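Topology and contacts: notes
These are the residues of each chain, in order.
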Amino acid sequence: MDTLPVAAGDAADPLTPAQLRELYSLMVAVRHLDASAIAWQRQGIIPGYAPELGQEAAQVGSGYAVDTTRDFVFPTYREMGVARTMGVDMVAYMATHKASWHGGLYDPVKSRLAPIQAVVAGSVLHAVGWAHGQTLAGAADGKLGVALTYFGDGASSQGDVHEALNFAAVMKAPVVFFVQNNGWAISVPTERQVAGGSVAARAAGYGMPALQIDGDDVVAVVEATRRAFAHARAGNGPVLIEAMTYRRGPHSTSDDPGRYRSLDEERDGAGADPLERFRQRLLAEGIADEAFFAEALAAAKAEEELIRTGIQGLDSRPGTEMFDLVFQETTPVLQGQATNWREESEHV
Amino acid sequence: MSNSMLTTEAAVNGPVTTTVMSMQQALNRALDEVLAENPKALIFGEDCGRLGGVFRITDGLQAKHGEQRVFDTPLAESGILGMSVGLAMAGFHPIPEVQFDGFAYPAINQIVCQMARMNYRSRGTMPMPITLRVPSFGGIRAPEHHGESLEALFAHVPGLKVVSPSNPHEAYHLLKYAATRPDPVIFMEPKSRYWQKGEVDTASHDPAGGSPTGAKVMREGRHLTLVAWGAMVARCLQVAELAAEDGIDVEVLDLRWLKPIDAAALAVSVRKTRRAVVVHEAPLTSGLGAEVAQLITQGCFDTLKAPVERVTGFDVPYPSGDLEDEYIPNIDRILFGIQRVLEYKRG
């Protein structure tokens, strides 16, 4: 499905060989870090993690279209690949999985990535509000900042998603709704989750252009997201992209997919590995060679090691933060509780 | 709103800053001034633009400040609150309206999980300067869900502050104060008091003294303290007049802020009177009256002459108009409450 008018200008420019190689490097870094995070959980370095194996193309490709000087991204808890692509400090990002701080330790304002969100669909409306703020504030060059919001096929069942689509369409807010349809809402498959055939099909009901794309083809994802951004940035209102992908791993490190799908089903549903597909394409087109792939993997391993060391070096947060960060202007009751806590914990 | 009038009167009689107005007018004027003073302030919700709100609190504000500053949203409370969070992230100061208290329920996820937590979640980098106006409490014989008392629910949520004005003067100043704070404030407007008039001194922020987040003694008394907020303050003042005829000297404390609660003011009043009755419209069980009673116990245990009494609504769904007067604490029930603390004998 493609109901988005074809954009001119930058959005239509083909990716250069250097950009294609960069995309591959990002996908390898994300793949390697994702696999490592699961290992860290097994090793007791972090208590839990939400893997994204198989979604690297959807995440890297969409995150690649973000202009961090003016756009803002609203993730859920499974957008590590987006964060990495945007250049977010990955130790600070992973800190949420270390249970250091809900939402992570990165600076959301500076990094342009809203705090990690555990309520699916919770931040979809925030994207609409933020985007409407861009319309209200206006842009000197006429090019609006765009809100990119992520959610899944499961979250598309939530009322907030429908309210967000309707609000954004009524207000012509510059939002790109990026649906990663990974086939599963924990244990419930898409066909038992999404009525109406697809999430993208629903956009028509809001008078919103939509694209349903191969979310495992990183180049297709970049191109679609760029087109959607160009549309929203020019003040034409929101766009919905449904990237069809597959969650190859469990929902989280606590999940047992064997209880709801067989290995055969997994193999059939997942199709070709997006990373391997891209590698074959780069090889076939002569854009990269084995030496480049080896170098990219080595860089990913080195990066992962640095991140792991950083995570392991993270101390527990000081208890005072629990009290200090509730309000901008604290209350006497909270101050009193902080004082009591301090006195009583010092006497343990 | 009445700048020209003030200027004229000031020229003749010196500065006149006190005007008689209804709470609806006081709230409207406060919002008008907030919009004028803060270019980042935005008012939005259902029907608050062209119509001026079903209670006319935002009357004329869209015409004066433009459709970008005061606007109607689609009919979806979660959407309104979720959008507020995003606008706050973008540096705006949203003043959304939920049309009636009962319609805050569909937005609870956005209020509790998002608005109340974003400052914490973002480690203070994304403040939520949102003032959520909620026409609250009963007393107008409205349909179901158009009269509820949600203060205990809101006050229980970490990250929220809660305030309720009792008269036009308080409404004007508390709203102006709330709407300039960097944290989320639930502003509970007693809808049964919207059309009651009173003097508003627009110059003085707090003629009775105390901090902007403090409680306020509305009537001095020696024999016991009635603690109330919102619409119940006026009723308690009525009760105090009646009790005075029987020689009972009642002090009335308007709590104003339901979170944070001014525990010091409670202690000062009750250490003087040594008896207290808390009056609220909300159901009894786990209501805010229990919190107030505990704060009084803590601050005044050694001087209390009787356990703190509560006169409240009942643990029933808010009733239809026919039974509303039975549900909301009336003068007789409050007088019985007073009698119980005055006649208390240690066993």
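So, how was this worked out
- Residues numbered from 1 in each chain as written.
- Chains lettered and ligands numbered in written order.
- Predicted model: local features only at pLDDT ≥ 70, side-chain atom pairs only at ≥ 80, totals over all residues.
- Heavy atoms only, no water.
- Helix = DSSP H or I, 4+ residues; strand = E, 2+ residues; numbered from the N terminus.
- Buried < 20%, exposed > 50% of the residue type's maximum accessible area, 1.4 Å probe, protein only.
- Salt bridge = Lys/Arg side-chain N within 4 Å of Asp/Glu carboxyl O.
- Contact = heavy atoms within 4.5 Å.
- Buried area = accessible area lost by both parts, 1.4 Å probe.
- Polar contact = N/O pair within 3.5 Å; in protein donor to acceptor, adjacent residues only side chain to side chain.
- Nonpolar A, V, L, I, M, F, W, Y, C, P; charged D, E, K, R; others polar.
- Phe/Tyr/Trp six-rings, centres within 6.5 Å; stacked < 30°, edge-to-face > 60°.
- Lys NZ or Arg CZ within 6 Å of the ring centre and 35° of its normal.
- Lys, Arg positive; Asp, Glu negative; His and termini not counted.
- Pairing = 2+ DSSP bridges.
- Axes fitted to C-alpha atoms, helices over the stretch in contact; angles between N-to-C directions.
- Right-handed = clockwise from strand over helix to strand, strands pointing away.

Focus on unusual backbone geometry
Between K259(B) and P260(B) the backbone carries a cis peptide bond, its omega angle lying at 0°. Here P260(B) shows up in the loop between β12 (257-259) and α10 (263-273). Although it is not a glycine, A121(A) adopts a positive phi angle of roughly 80°. Of note, A121(A) is situated in the loop between α5 (108-111) and α6 (124-137). Residue A121(A) is classed as buried on the basis of its relative accessible area of 1%. Here I186(A), not a glycine, exhibits a phi torsion of approximately 50°, which is positive.

Let's talk about the pattern of salt bridges
Residues and elements named next belong to chain A. Scanning the model with the defined rule gives 39 salt bridges over all chains in all. The salt bridge partner of R31 is E56, with a shortest N-O separation of 2.6 Å. Here R31, found in helix α1 (residues 17-43), pairs with E56, found in helix α2 (residues 56-63); they are 25 residues apart in sequence, far enough to count as distant. For the pair formed by R31 and E56, the shared burial category is buried. With its nearest N and O atoms 2.8 Å apart, the salt bridge here joins D273 to R31. A residue pair is termed long-range when its members are at least 10 positions apart, and D273 in the loop between α10 (263-270) and α11 (274-284) and R31 in helix α1 qualify at 242 residues. Judged by its relative accessible area of 22%, D273 falls in the partly exposed class.

Observations regarding the interface of chain B and chain A
Counting residues at the interface gives 39 residues for chain B and 42 residues for chain A. Counting the surface lost from both chain B and chain A, the interface buries some 3,400 Å², and carbon and sulfur atoms represent 64% of this. Per-residue buried area on chain B facing chain A is highest for Y120(B), R121(B) and R123(B); these three make up 23% of the total on that side. Linking chain B with chain A are two salt bridges. R181(B) is the partner of E329(A) in a salt bridge, and the nearest nitrogen-oxygen pair spans 2.5 Å. On the surface where chain B and chain A come into contact, there are 19 residue pairs in polar contact (both at pLDDT 80 or more). Ranked by the residues each element gives to the side of chain B that touches chain A, the list is headed by helix α4 (residues 77-89) of chain B, at ten residues. The class makeup of the residues in the side of chain B that touches chain A is 19 nonpolar, 14 polar and six charged.

Structural notes on the environment of H97(A)
Residue and element names in this part refer to chain A. Tracing the chain through its elements places H97 in the loop between α4 (90-94) and α5. Through-space distance from the C-alpha of H97 to that of E52 is 14 Å; in sequence the pair is 45 residues apart. Leave out the neighbours within four places in its chain, and H97 touches I46, P47, G48, Y49, A50 and Y77.

Regarding the packing of aromatic side chains
On inspection of all chains with the given rule, the structure shows 21 aromatic pairs over all chains. Ring geometry for W184(A) against Y260(A): centres 5.3 Å apart, planes inclined by 45°, an arrangement best described as tilted. Of this pair, W184(A) sits in strand β4 (residues 184-185) while Y260(A) sits in the loop between β7 (239-244) and α10, placing them 76 residues apart in sequence. For the residue pair W184(A) and Y260(A), the accessibility class agrees, reading buried in each case. Centroid distance F292(A) to F293(A): 5.9 Å. Interplanar angle 65°. Geometry classified as edge-to-face. Taken as a pair, F292(A) and F293(A) share a single burial class, namely buried. Chaining the aromatic ring pairs together yields one cluster made of F55(B), F100(B), F103(B), Y194(B) and W195(B). The residue whose ring lies beneath R123(B) is W101(A), and the NZ or CZ to ring-centre distance is 4.9 Å.

Describing the side chain of D262(B)
Residue and element names in this part refer to chain B. Checked against the element boundaries, D262 lands in the loop between β12 and α10. Within the buried core, D262 has no salt-bridge partner, and the shortest N-O distance to an opposite charge, that of R256, equals 7.1 Å. Polar contacts involving the side chain of D262 include one to the main-chain amide nitrogen of A215, which spans 2.9 Å. Once you skip the residues sitting within four places of it in the chain, D262 turns out to touch T213, G214 and A215.

A few points about the sheet that holds β7(A)
Residue and element names in this part refer to chain A. One open sheet holds the five strands; their spatial order is β1-β2-β3-β7-β6, and the pairing between them is parallel. Both edges of this open sheet fall to β1 (72-74) and β6 (210-214), since each of them pairs with a single strand only. Strand-to-strand twist across the sheet, computed as the mean angle between neighbouring axes with direction ignored, equals 20°. As judged from the three bridges shared by β1 and strand β2 (residues 147-152), these two strands associate in the parallel manner. Within β2, the position partnered with F72 by the bridge is A147. Sheet strands in contact with α6 are β1, β2 and β3 (175-181), and its direction is about 170° off that of β2.

Regarding the pairing of strand β7 (residues 185-190) of chain B
Residues and elements named next belong to chain B. Judged by how many residues are buried, β7 sits mostly within the fold: six of six residues are covered. Where burial is concerned, the two faces of β7 agree: the one with V185, F187 and E189 and the one with I186, M188 and P190 are both buried. Pairing analysis gives six bridges linking strand β5 (residues 131-136) to β7, with the strands arranged parallel. Within β7, the position partnered with R133 by the bridge is F187. Note that strand β6 (residues 161-163) and β7 share three bridges and pair parallel. Within the sheet, the bridge partner assigned to V163 lies in β7 and is F187. Handedness of the crossover joining β6 and β7 through helix α8 (residues 168-178) is recorded here as right-handed.

Here's the deal with the sheet that holds strand β13 (residues 276-283) of chain B
Residue and element names in this part refer to chain B. On the basis of which strands lie adjacent, the open sheet formed by five strands has the order β9-β11-β10-β13-β14 and mixed pairing. Of all strands in the sheet, those bounded by a partner on one side alone are β9 (216-219) and β14 (309-313). On average, each strand axis in the sheet is inclined to that of its neighbour by 25°, with strand direction left out of account. Sheet topology note: the strand β10 (residues 224-228)/β13 ladder contains three bridges and is parallel. Of the residues in β13, the one forming a bridge with T225 is A276.

Observations regarding the pairing of strand β2 (residues 41-45) of chain B
Residues and elements named next belong to chain B. Taking burial as the measure, the five residues of β2 include five buried ones, the bulk of the element. Alternating residues of β2 divide into A41, I43 and G45 and L42 and F44, and every residue in both groups is buried. Bridging between β2 and strand β4 (residues 93-97) involves five bridges; their strand directions are parallel. Bridge pairing in β4 links I43 to I95. In this structure, β2 lies alongside strand β3 (residues 70-72), joined through three bridges in parallel fashion. Looking at the pairing, F44 lines up with F71 of β3.

Any functional reading would require information that these geometric values do not contain.
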